[in-house]
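Below, each chain spelled out in residue letters.
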Amino acid sequence: MPEIADAWAAQHDGWAPIFVLPDPNGSMLADTECVDGKQGGAETYLTVDVRTFAVERLGAAPGPSAWMVGGLSEGGYCGAMLAMRHPDLFGGFLDFGGDDRPTHTGGAAAIFSGSPQAVADSVRAYSLRT
């Protein structure tokens, strides 16, 4: 990333992209799927807290055209899901090997609360399928 930022800055009068690498899981064994669920408010953290920090403390532009989100595997799903659920915040996404819905080793009930129908509704709400 430093090389990409430096190359960009060299071609854009010193302006470089800001790379923010938040951890919505909190540990190597956690898996929030970037949703607001049993394991916390990962979606809110990423769409509100991280963005607010980047704009206020790092001087990032607030408009969606200035923001991309993405990652690998779970991060790829997260990027696609966040961009699709929040087009007012993200102008695009990068998805490297992500699934099209939240997946978890313990199943959807491990990340969403409620009855089986409520869990199914939550999975559907976070699904990238139409």
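These notes cover the structure that comes with them. (Residues numbered from 1 in each chain as written. Predicted model: local features only at pLDDT ≥ 70, side-chain atom pairs only at ≥ 80, totals over all residues. Heavy atoms only, no water.)

**Structural notes on the packing of aromatic side chains**
- Scanning the entire structure with this criterion turns up 2 aromatic pairs.
- Relative to Phe90, the ring of Trp67 has its centre 6.3 Å away and its plane inclined at 75°; by these criteria the two rings are edge-to-face. Taken as a pair, Trp67 in the loop between α2 (42–58) and β3 (68–72) and Phe90 in the loop between α3 (74–85) and β4 (92–96) lie far apart in primary sequence, 23 residues in all.
- Residue class for Phe90 comes out buried when judged on its relative accessible area of 6%.
- Summarising the aromatic geometry, the rings of Phe112 and Tyr126 are spaced 5.7 Å apart at their centres and angled 25° between planes, so their arrangement reads as stacked. Of this pair, Phe112 sits in the loop between β4 and α4 (116–125) while Tyr126 sits in the segment after α4; the two residues are 14 residues apart in sequence, bridging distant segments of the chain. (Phe/Tyr/Trp six-rings, centres within 6.5 Å; stacked < 30°, edge-to-face > 60°. Helix = DSSP H or I, 4+ residues; strand = E, 2+ residues; numbered from the N terminus. Buried < 20%, exposed > 50% of the residue type's maximum accessible area, 1.4 Å probe, protein only.)

**Overview of the state of the cysteines**
- Enumeration according to the criterion identifies 1 disulfide in this entry.
- Paired by a disulfide, Cys34 and Cys78 hold their sulfur atoms 2.1 Å apart. Sign of the S-S torsion, about 95° for the bond between Cys34 and Cys78, identifies this disulfide as right-handed. One end of the pair, Cys34, is in the loop between α1 (2–11) and β1 (36–37); the other, Cys78, is in helix α3, with 44 residues separating them in the sequence. For the residue pair Cys34 and Cys78, the accessibility class agrees, reading buried in each case. (Disulfide = S-S within 2.5 Å.)

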